[in-house]
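Overview (structure and organization)
The primary structure of each chain is shown beneath.
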Amino acid sequence: VLSGKLEAFGSLDAMTLAGTLRVVSARYTEPFDLDKRMLQVGAGPAAPPRAYDPSGEWLRFDIRFLVDGDARVDNDLVRGQARGELQLTGTLASIGMTGSMAFLPGARGFYRGNEFVLSRAVADFTDRNRLRMVLDVTGEAALKDYRVFLHVYGDLDDLKLQLTSAPALSQQDVITLL
């Protein structure tokens, strides 16, 4: 659910859609499957990249999204409420986004059936001409006699996972513990 104002200006051959929209309510429930995404790294793209189509250059975007309402993620990876500010940019031929979204305190992350209390969960959008997201997520879970610390970071297309524990275990032993 959005509220705000958009306006289109320019000619039919070169139009801009601009304005500010407030995200009053939003839900994202699409599964993420972290293990599968990390295993696909280096295996090549799942689908061929979409060919650039210059006919989509007629419409440009300059839309600001203020995410300050009840925006929630509830999927296999994260459950929690998010806040942030995003800018939709680019054209129909090459949509981009800049800005940042962060989860509020109380967010939970899930990995291999274990629940992690997230201390930081931020998604930065960094490219004005394509959708590129960089994640930085940290959290911890209590498992048996260990505190396990999780850090997922990097470009969405090349995610990295770091697992540590107290008392200290090797990353392979932490994975076995999970």
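Residues numbered from 1 in each chain as written. Predicted model: local features only at pLDDT ≥ 70, side-chain atom pairs only at ≥ 80, totals over all residues. Heavy atoms only, no water.

1. Thoughts on the packing of aromatic side chains
Rules: Whether two aromatic rings pair depends on their centres lying within 6.5 Å, for rings of Phe, Tyr and Trp, where Trp uses its six-membered ring; planes under 30 degrees apart make the pair stacked, over 60 edge-to-face, and the rest tilted. By definition, being over a ring means that NZ of Lys or CZ of Arg is both within 6 Å of the ring centre and within 35 degrees of the ring normal.
Evaluated as defined, the whole model comprises 0 aromatic pairs. Positioned above the aromatic ring of Phe110, the side-chain terminus of Arg79 is 4.5 Å from the ring centre.

2. Section: the pairing of strand S3 (residues 59-74)
Heads up, the rule is: In this description, strands pair whenever DSSP reports at least two bridges between them. By definition, any uninterrupted DSSP run of H or I lasting at least four residues is a helix, any uninterrupted run of E lasting at least two residues is a strand, and each is numbered from the N terminus.
As judged from the 13 bridges shared by strand S2 (residues 14-28) and S3, these two strands associate in the parallel manner. Bridge assignment links Thr20 to a residue of S3, and that residue is Arg64. As defined by bridge partners, S3 adjoins strand S4 (residues 78-90) across 9 bridges and the pair is classed as antiparallel. By the bridge assignment, Val67 is partnered in S4 with Gly84. In textbook terms, the turn of a hairpin is the stretch between consecutive antiparallel strands, and for S3 and S4 this stretch comprises 3 residues.

3. Observations regarding the pattern of salt bridges
Selection rule: Note on definitions: salt bridges are taken to be side-chain nitrogens of Lys or Arg within 4 Å of carboxyl oxygens of Asp or Glu. In this scheme, a residue with accessible area under 20% of its type's maximum is buried, one over 50% is exposed, and one in between is partly exposed, where area comes from a 1.4 Å probe on protein chains only.
Taken as a whole, this structure holds 11 salt bridges when the rule is applied. Ionic pairing is found between Arg22 and Asp68, a salt bridge with its closest N-O pair at 2.7 Å. Note that Arg22 is positioned in strand S2 and Asp68 in strand S3, a separation of 46 residues in sequence. According to the relative accessible area criterion, Arg22 is partly exposed, its value standing at 35%. As a salt-bridge pair, Asp127 and Arg130 come within 3.2 Å of each other at their nearest N and O atoms. On the basis of relative accessibility, which here comes to 21%, the residue Asp127 falls in the partly exposed class. Members of the salt-bridge network, linked through shared partners, are Arg27, Asp70 and Arg72.

4. Focus: the environment of Asp157
Among the structural elements, Asp157 can be located in the loop between strand S9 (146-155) and strand S10 (160-166). Judged by its relative accessible area of 60%, Asp157 falls in the exposed class. Separated by 140 residues in the primary sequence, Asp157 and Leu17 place their C-alpha atoms 29 Å from one another.

5. Quick word on the confidence of the model for the protein
Cut-off, in case you're wondering: pLDDT expresses how confident the predictor is about each individual residue, on a scale running from 0 to 100.
The predicted model of the protein has a mean per-residue pLDDT of 89, with 91% of residues at 70 or higher. By mean pLDDT, helix H1 (residues 34-39) is the weakest element of the protein at 65, and strand S5 (residues 95-103) is the strongest at 97.

6. Re the nonpolar core
Definition in use: To define a nonpolar core, start from buried Ala, Val, Leu, Ile, Met, Phe, Trp, Tyr and Cys residues and group those joined through side-chain atoms within 4.5 Å.
Formed by 41 residues in total, the largest nonpolar core has its most connected members in Tyr111 and Phe116. For this core, the leading source of residues is S3, giving 7 residues.

7. Points about unusual backbone geometry
The step from Ala166 to Pro167 runs through a cis peptide bond, and the omega angle for that step is -10 degrees. Of note, Pro167 is situated in the loop between S10 and helix H2 (171-177). Although it is not a glycine, Arg112 sits at a positive phi angle of roughly 55 degrees. Among the secondary structure elements, Arg112 is positioned in the loop between strand S6 (108-111) and strand S7 (114-127). By relative accessible area, which is 42% here, Arg112 ends up partly exposed.

8. Some remarks on the pairing of S5
In this structure, S4 lies alongside S5, joined through 9 bridges in antiparallel fashion. Bridge pairing links Leu88 to Met97 in S5. Where S4 folds back onto S5 in an antiparallel hairpin, the turn is made up of 4 residues. Examined bridge by bridge, S5 and S7 share 6 bridges and lie antiparallel to one another. Paired with Ala102 across the bridge in S7 is Val122.

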